[in-house]
Amino acid sequence: MVKEDDLDLFSHARREETAQAAPLAARMRPRTLGEFVGQEHIVGPGKLLRRAIEADRLFSSIILWGPPGTGKTTLATIIARYTQSHFETLSAVLAGKADLRRLVKDAKDRRDMYGQRTILLVDEIHRWNRAQQDALLPHVENGSIILIGATTENPYFEVIGPLLSRSRVFQLHPLSEEQIVTLLQFALEDETRGYGSRSIEATDEALEHWAHVSGGDARTTLNALELAVESTQPDADGTIWIDVAVAQDSIQRRVVRYDKSGDEHYDTISAFIKSVRGSDPDAAIYWLAKMIHAGEDARFIMRRLLILAAEDIGLADPQAISVVAGCAQALEWCGLPEAQYHLAEATIYLATAPKSNSLGAYWQAKKEIREQGAGAVPDHLKDASRDGAALGHGKGYKYPHAYPGHWVEQRYLPEGVEGDWYEPSDQGYEREIRKRFRRSPGRGRQGEEGGA
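Residues numbered from 1 in each chain as written. Predicted model: local features only at pLDDT ≥ 70, side-chain atom pairs only at ≥ 80, totals over all residues. Heavy atoms only, no water.

Visitor: Explain the overall build of the protein to me, and be specific about the residues and the numbers.
Guide: If you tally the helices and strands in the protein, you get 21 helices and nine strands. Counting every position in the protein, which comprises 452 residues, the buried fraction comes to 42%. Partitioning the contacts of the protein with sequence separation of at least 6, the portion at a separation of at least 24 is 71%. Of the roughly 25200 Å² that the protein leaves accessible, carbon and sulfur atoms contribute 51%. (Helix = DSSP H or I, 4+ residues; strand = E, 2+ residues; numbered from the N terminus. Buried < 20%, exposed > 50% of the residue type's maximum accessible area, 1.4 Å probe, protein only. Contact = heavy atoms within 4.5 Å. Areas by Shrake-Rupley, 256 points an atom, 1.4 Å probe, with all protein chains shown as cover.)

So this is what it looks like as structure tokens:
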């Protein structure tokens with residue numbers, strides 16, 4: 001007959017065996033704040049969140065927001081180790097309302113019977129839709145549950161406002177290269193969870209390469225180390241040697257953090273647009289290269305370039321729109337990867353072109369109509385072919401080509417509308433427009449010598 005103590009020992013042994021079989025990144029997950037690397041701005045000595053964790057005084061819900069591999073789930077697990085509260089975990093990818101109802105019922109029973117709080121980690125909380133987040137709200141509000149939401153997406157867009165207003169948002173940043181090297185050294189030296197019990201020699205160049213190309217993602221880096229170790233044959237003395245060539249082979253290329261529907265998408269295209277507008281071709285093609293490398297839609301980028309050609313260059317270089325339109329056609333004909341040349345050509349052309357935003361005059365005219373209403377067309381500008389004889393439409397119109405310089409002073413705006421919106425810049429071709437034209441208030445523009 002198997003005794004209960006024997007079952008406990010057997011279960012413990014199985015847990016130990018399972019832990020040892022886990023991936024290196026899981027085995028090396030920090031267990032205490034002392035082991036936690038990075039994020040000093042929120043869990044460094046004396047910081048609010050660290051004090052709350054160490055004193056087990058986490059009374060309000062929190063949202064941990066950051067890129068993959070920065071320690072969101074790890075930090076939540078550390079909180080679970082420090083707190084006397086009951087700790088539960090749900091994956092927003094797998095769990096639904098039924099799981100939440102069960103958990104909430106247990107949390108209420110636990111509070112009513114034992115006075116024990118429940119802390120709930122919802123991993124990937126942005127995956128829950130509004131209805132699922134709404135179902136959580138009343139239980140966070142009445143204190144049945146203290147929420148720890150972990151997300152890679154901007155919570156100000158992905159988490160409902162009422163839930164967000166009852167939580168404190170902590171943003172986690174990608175780890176520095178020095179911090180990544182520290183984690184790698186921990187993994188190589190730790191005899192229980194890492195590779196400290198094996199003879200492994202990794203060069204500084206290998207560690208630095210991993211740190212440089214990981215994009216600040218600890219999990220990616222530890223996965224690369226594990227692949228390098230497990231796939232490299234030891235020498236005659238049983239030592240595994242990892243140089244930069246092995247390191248390069250194990251990680252292949254730099255990880256680019258980019259989500260086509262998230263912050264990286266919007267922030268990168270914003271940086272691209274502002275670099276073109278700011279006449280910095282190097283920065284512009286850098287952000288272009290990042291977007292293409294990350295798989296951004298090339299047509300989306302070209303559409304932005306077409307907009308830039310009018311919005312930020314305009315008549316300072318009237319050829320800009322033609323150049324970009326030609327590159328857009330080339331993109332359709334050639335496709336990627338060859339059309340990267342055309343994306344680069346359009347980008348560099350616009351970045352180095354003279355700049356003018358004078359076409360924004362259109363939006364001023366639109367604002368006038370929106371706020372004041374559209375004025376009536378003056379009679380002399382109306383179509384004379386239908387009502388000219390009966391109503392006098394078109395009467396008094398002066399045909400510009402019949403006058404010297406092909407210009408004559410007359411009013412083209414409705415009565416009461418002053419205009420004064422379009423003002424040529426002093427950049428590029430628009431400088432020539434500025435020279436040739438001067439304003440005749442409310443009545444168009446007149447050439448300096450009386451002609452256009």
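From this point, the narrative continues.
Visitor: Provide a residue-level description of the environment of A26, including the pertinent values.
Guide: By the secondary structure assignment, A26 is in helix α2 (residues 24-27). Sequence separation between A26 and R193 is 167 residues; the distance between their C-alpha atoms is 9.2 Å.

Visitor: Go over the confidence of the model for the protein, please, and point to the residues and values.
Guide: Taken residue by residue, the protein gives an average pLDDT of 85. The fraction at 70 or more is 89%. Predicted confidence in the protein is weakest over strand β9 (residues 445-447), with a mean pLDDT of 49, and strongest over helix α18 (residues 340-352), with 96. With pLDDT under 50 throughout, residues 446-452 is counted as low confidence; its partners more than four residues away or in other chains account for 17 contacts. (pLDDT = per-residue confidence, 0-100.)

Visitor: I'd like a description of the pattern of salt bridges, backed by residues and values.
Guide: Applying the stated rule across the entire model yields 15 salt bridges. The residue E35 makes a salt bridge to R31 at a minimum N-O spacing of 2.8 Å. Measuring nitrogen to oxygen at the nearest pair gives 3.5 Å for the salt bridge that ties R117 to D56. Here D56 lies in the loop between α4 (48-54) and β1 (61-65) and R117 lies in the loop between α6 (97-114) and β3 (118-123), a separation of 61 residues in the sequence. (Salt bridge = Lys/Arg side-chain N within 4 Å of Asp/Glu carboxyl O.)

Visitor: With reference to specific residues and values, describe a nonpolar patch on the surface.
Guide: Taken together, the side chains of Y397, Y399 and Y412 make up a nonpolar region of the molecular surface, amounting to roughly 330 Å² of accessible area. Mapped onto the elements, Y412 comes out in the loop between α20 (384-391) and α21 (428-436). The class of Y412 is partly exposed, set by a relative accessible area of 36%. (Patch = residues over 30% accessible without salt bridge, like charges linked within 9 Å, V, L, I, M, F, W, Y side chains within 5 Å.)

Visitor: Can you explain the nonpolar core? Please cite residues and give values.
Guide: What tends to happen in soluble globular proteins is that the nonpolar side chains get buried as a cluster. Ranked by internal contacts, the top residues of the largest apolar core, which has 28 residues, are W210, L225 and I242. Elements supplying a minimum of two residues to this core: α2, α10 (177-189), α11 (204-213), α12 (218-231), β7 (240-242) and α13 (244-251). Apart from residues lying up to four places away in sequence, W210 is in contact with L184, T221, A224, L225, A228, I242, A247, S250 and I251. Of all hydrophobic cores here, the second largest spans 27 residues; its members include I292, F300, A328 and L343. (Core = buried A, V, L, I, M, F, W, Y, C linked by side-chain atoms within 4.5 Å.)

Visitor: Help me get a handle on the sheet that holds β3, residues and values and all.
Guide: Spatial ordering of the open sheet is given by β2-β3-β4-β1-β5, a layout of five strands whose pairing is parallel. Looking at the sheet topology across the chains shown, the edges are occupied by β2 (86-91) and β5 (167-171). Direction aside, neighbouring strands of the sheet carry axes that sit 15° apart on average. Sheet topology note: the β1/β5 ladder contains five bridges and is parallel. (Pairing = 2+ DSSP bridges. Axes fitted to C-alpha atoms, helices over the stretch in contact; angles between N-to-C directions.)

Visitor: Lay out helix α16 (residues 298-313) in plain terms, naming residues and giving numbers.
Guide: One turn of the α-helix equals 3.6 residues, which is why residues spaced by three or four share an orientation. Helix length check: α16, at 16 residues, gives a terminal C-alpha distance of 21 Å against a target of 22 Å (1.5 Å per residue), a fit within 8%. Among the residues of α16, A298, F300, I301, M302, L305, L308, A309, D312 and I313 are the ones counted as buried. For α16, the elements touching its buried residues are α14 (263-277), α15 (281-293), α17 (320-334) and α18. Taking the backbone nitrogen of R299 as reference, a side-chain oxygen 3.0 Å away marks D297 as the first, capping residue of α16. Taken from the residues just after α16, G314 is the one with a positive phi, measuring 55°. (Expected span 1.5 Å × (residues − 1). Polar contact = N/O pair within 3.5 Å; in protein donor to acceptor, adjacent residues only side chain to side chain.)

Visitor: So what about the layout of surface pockets? Which residues, and what values?
Guide: Estimated volume of the largest pocket: approximately 580 Å³. A25, R29, P30, T74 and A218 are the residues nearest the centre of the largest pocket, which is lined by 29 residues in total. Mapped by element, the contributors of at least two residues to the lining of the largest pocket are α2, α5 (72-82), α10 and α12. Looking at which element gives the most residues to the lining of the largest pocket, the answer is α12, with four residues. Classifying every residue of the lining of the largest pocket by side-chain character gives 14 nonpolar, seven polar and eight charged. (1 Å grid on protein atoms, 1.4 Å probe; cavity = no way out; pocket = protein on both sides within 12 Å on 5 of 7 lines; lining within 4 Å. Points joined across faces, edges and corners; volume = space filled by probe spheres on them. Nonpolar A, V, L, I, M, F, W, Y, C, P; charged D, E, K, R; others polar.)

Visitor: Before we move on, could you go through unusual backbone geometry and cite the residues and values that matter?
Guide: A cis amide bond links L336 with the next residue in sequence, P337, at an omega value of 10°. Here P337 shows up in the loop between α17 and α18. The backbone of Q39 shows a phi angle near 60°, a positive value even though the residue is not glycine. Within the secondary structure layout, Q39 lies in the loop between α2 and α3 (40-43). Backbone geometry places E124, a non-glycine residue, at a positive phi of 60°. With respect to the helices, strands and loops of the structure, E124 is situated in the loop between β3 and α7 (130-141).

Visitor: Describe the packing of α12 against α13, naming the residues involved and giving the relevant values.
Guide: Closest axis-to-axis distance for the α12/α13 pair is 9 Å, and the angle between their directions is 120°. Where α12 crosses over α13, the two elements pack in a sense that is right-handed. Judged by residue contacts, T220, A224, L227 and A228 of α12 engage V246, S250 and I251 from α13. (Left-handed = near helix turned anticlockwise from the far one by under 90°.)

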